[in-house]
Amino acid sequence: MSELKPCPCCDADNPFKRAIPEVGIPSGDSGYRVTIKCRDCGCSITRWALKKAWAIESAEAAWNRRAQPDNAPLTLDELRGMDGEPVYIVGRLYGGWTVPWRNAAKYIARCPDEANISHYPKDYGKTWLAYRTKPEPPERS
Ligand SMILES: [Zn+2]
């Protein structure tokens, strides 16, 4: 187990970890779902794996990756490799968290809480960008 970094959303340093047995979808295998969640703001990451230790390792790695202070926009390849992890989209039509589609040839990220706003790879860097964590607004002096 690795040390958890502070929350990627609010920087509070009190995440908790929970592992519960759960049947995987669509495989039907018995496994574990591990959630790491911030006690302050509720920001969370969830991973499922056949073995509890694998799920924990995967969730911890994802949490810590998101906690990286360097929050440059993802490259399109990095975005495609996010593997079910939420990303923060900043775009002309939408700004917020979403989970990019896996294996998406046509669109790569769709925002579930807004009706049918799709983001296309060909427009990446032109009308939208994706980040590991919510980007800070530019500082004003
Ligand atoms: Zn938080």
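Residues numbered from 1 in each chain as written. Predicted model: local features only at pLDDT ≥ 70, side-chain atom pairs only at ≥ 80, totals over all residues. Heavy atoms only, no water.

Draft legend 1. Quick peek at the packing of aromatic side chains. Counted under the stated rule, the structure contains two aromatic pairs. Taken together, a centroid distance of 5.3 Å and an interplanar angle of 90 degrees make the contact between tyrosine 88 and tryptophan 97 edge-to-face. The class of tyrosine 88 is buried, set by a relative accessible area of 12%. Under the relative-accessibility criterion, tryptophan 97 is labelled partly exposed at 29%. When the centroid spacing of 4.7 Å and the interplanar angle of 75 degrees are considered together, the rings of tyrosine 124 and tryptophan 128 count as edge-to-face. Tryptophan 128 shares its class with tyrosine 124; the two are buried. (Phe/Tyr/Trp six-rings, centres within 6.5 Å; stacked < 30°, edge-to-face > 60°. Buried < 20%, exposed > 50% of the residue type's maximum accessible area, 1.4 Å probe, protein only.)

Draft legend 2. The arrangement of helix α1 (residues 52-66) in detail. Over its 15 residues, α1 runs 21 Å from end to end, which matches the ideal 21 Å to within 8%, given 1.5 Å per residue. All buried positions along α1 are accounted for by Ala55, Ile56, Ala59, Glu60, Ala62, Trp63, Asn64 and Arg66. Next to the buried residues of α1 lie β1 (15-23), β2 (30-38), β3 (44-49) and β5 (95-98). (Helix = DSSP H or I, 4+ residues; strand = E, 2+ residues; numbered from the N terminus. Expected span 1.5 Å × (residues − 1). Contact = heavy atoms within 4.5 Å.)

Draft legend 3. Structural view of the coordination of the zinc ion. Every protein donor of the zinc ion is accounted for by Cys7 (SG), Cys10 (SG), Cys38 (SG) and Cys41 (SG), and the metal-donor separations fall at 2.3 to 2.4 Å. Because the angles between the four donor atoms bound to the zinc ion fall within 107 to 113 degrees, the donor set is best described as tetrahedral. Read in sequence order, the donor residues coordinating the zinc ion give the pattern C-x2-C-x27-C-x2-C. Of the residues examined, cysteine 38 reaches a relative accessible area of 3% and is grouped as buried. (Donors = N, O, S within 2.8 Å, 3.2 Å for Na, K, Ca; no water. Tetrahedral: all angles 85-135°; square planar, octahedral: opposite > 155°, others 65-115°.)

Draft legend 4. Seen up close, the sheet that holds strand β4 (residues 87-91). Strand order in the open sheet formed by three strands is β5-β4-β8, and the pairing between neighbours is antiparallel. The sheet is open, and its two edges are formed by β5 and β8 (128-131), each paired on a single side. Across the sheet, the mean angle from the axis of one strand to that of its neighbour is 25 degrees, orientation sign disregarded. (Pairing = 2+ DSSP bridges. Axes fitted to C-alpha atoms, helices over the stretch in contact; angles between N-to-C directions.)

Draft legend 5. Up close: the environment of valine 90. Residue position: valine 90 is located in strand β4. Once the C-alpha coordinates of valine 90 and proline 73 are considered, the two residues, 17 residues apart in sequence, prove to be 9.6 Å apart. Non-local contacts of valine 90, meaning those with residues more than four positions away in its chain, are made with Thr127, Trp128, Leu129, Tyr131 and Pro135.

Draft legend 6. Representation of the sheet that holds β2 in the model. If you trace the three strands from one edge of the open sheet to the other, you get β1-β2-β3, paired in antiparallel fashion. Only two strands of the sheet have a single neighbouring strand rather than two, namely β1 and β3. Ignoring which end each strand starts from, the neighbouring axes of this sheet average 15 degrees apart. Looking at chain direction, β1 and β2 are connected through nine bridges and run antiparallel. Residue pairing across strands places isoleucine 20 opposite arginine 33, the latter belonging to β2. The strands that α1 touches are β1, β2 and β3; relative to β3, the one it contacts most, it runs at about 150 degrees.

Draft legend 7. Summary view of a nonpolar patch on the surface. Together, Trp48, Leu50 and Trp54 make up a nonpolar patch on the protein surface, roughly 310 Å² of accessible area in all. Examined against the element boundaries, tryptophan 54 turns out to sit in helix α1. A relative accessible area of 48% means that tryptophan 54 is categorised as partly exposed. (Patch = residues over 30% accessible without salt bridge, like charges linked within 9 Å, V, L, I, M, F, W, Y side chains within 5 Å. Areas by Shrake-Rupley, 256 points an atom, 1.4 Å probe, with all protein chains shown as cover. Salt bridge = Lys/Arg side-chain N within 4 Å of Asp/Glu carboxyl O.)

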